[in-house]
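Okay, here's what each chain looks like letter by letter:
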Amino acid sequence: MFFRLQKAGERVGVFDSGVGGLTVLAACMHRLPSQKFFYYGDNTHAPYGSRPPEEVERYVREAMNVFLRLRVSAAVLACNTATAVCAEKLRKEFPFPILGMEPAVAPAARVCRNVLVLATPLTASSRRLHDLIARFPDCRFRVAALPDLAGAIERYFSVREPLTLSDHLPEIACDGVVLGCTHYAFFRREIGMFYHAPVFDGAQGTANHLAKLLETSKNCSNSGTDDHPQPQYNPNKCFIKKYKKTTKNEVIFLGTSPKVNKQALMANICFKNF
Ligand code: DGL
């Protein structure tokens, strides 16, 4: 059920199990510099990827109820796992639009022929992902379920536990990599170096989708249009400080670990130890 969105400076809720959705939040901030964002990271329960789907659904519903109380105009499930598990169901329950993540299978299929999709176990086994892949029969896709990488990235940010990406990445030859989990996007560049292949993620697509939705009101300033694409956000560049000078974005961090999420948003991650 959708209601009409109104004007710039509206409230947008962004949700993830933990820090991963910050990679999407950053793209949304870049694309929509006048909006007010709430970031809800459920860090206490992260990672979601190997949990029972009913449990994930319960946690996501709790977050959507918080967004409901905050009277957001739209919510972004910046989590492939939550999107695969319960986006459709929750869309029927809440009065605001709920945008999900779509792994960047389509952009990868446009330029690659042998693509590796990295995802959490729940996303990797989801009907949603396999239906999406089936739309591109000319491209070979292999899906790797990574049981521990999202958790390791979460711990890297929350308790500074050292992270060696090569311990988690399967050695599979490919000519393109799709990041099917928003946590992985912090290490987009490193993953690209590991596979010697271009990397695709859904953050920019989701930000564009959100912008389009908000633009229906024709009141969003500085949001650009698809005819005039915005530059790609590079999560490895710490842009926040520079950005603060030019943006009116306000981000309010919710959940149990607001400090961890705030620091992770600002982090300039550059991993070299693989
Ligand atoms: N970042 C989320 C995703 O995109 C969740 C990862 C997890 O909590 O396992 O799937």
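With that out of the way, let us pick up the site of the ligand. As a matter of local geometry, the ligand sits amid 13 residues, with Ser17, Tyr48, Thr81, Thr182 and His183 nearest to it. Contact between the ligand and Asp16: a nitrogen atom at 3.0 Å from a side-chain N or O atom of the residue. Considering only residue class, the shell around the ligand consists of 5 nonpolar, 7 polar and 1 charged.

Read across the open sheet, the 4 strands follow the order E6-E5-E7-E8; overall the sheet is parallel. Strands at the two margins of the open sheet, each flanked by one partner only, are strand E6 (140-145) and strand E8 (199-200). Relative to E8, strand E7 (residues 176-179) runs parallel, the two being bridged by 2 bridges. Following the sheet pairing, Val178 is matched in E8 by Phe200.

Counting buried positions over the 11 residues of helix H7 (residues 149-159) gives 8, a clear majority of the element. Leu149, Ala150, Gly151, Ala152, Ile153, Glu154, Tyr156 and Phe157 are the residues of H7 that are buried. Here the buried face of H7 lies against helix H11 (258-266). Just beyond H7, the residue with positive phi is Arg160, at close to 60°.

Parameters and conventions
Residues numbered from 1 in each chain as written. Predicted model: local features only at pLDDT ≥ 70, side-chain atom pairs only at ≥ 80, totals over all residues. Heavy atoms only, no water. Near = heavy atom within 4 Å. Polar contact = N/O pair within 3.5 Å; in protein donor to acceptor, adjacent residues only side chain to side chain. Nonpolar A, V, L, I, M, F, W, Y, C, P; charged D, E, K, R; others polar. Pairing = 2+ DSSP bridges. Helix = DSSP H or I, 4+ residues; strand = E, 2+ residues; numbered from the N terminus. Buried < 20%, exposed > 50% of the residue type's maximum accessible area, 1.4 Å probe, protein only. Contact = heavy atoms within 4.5 Å.

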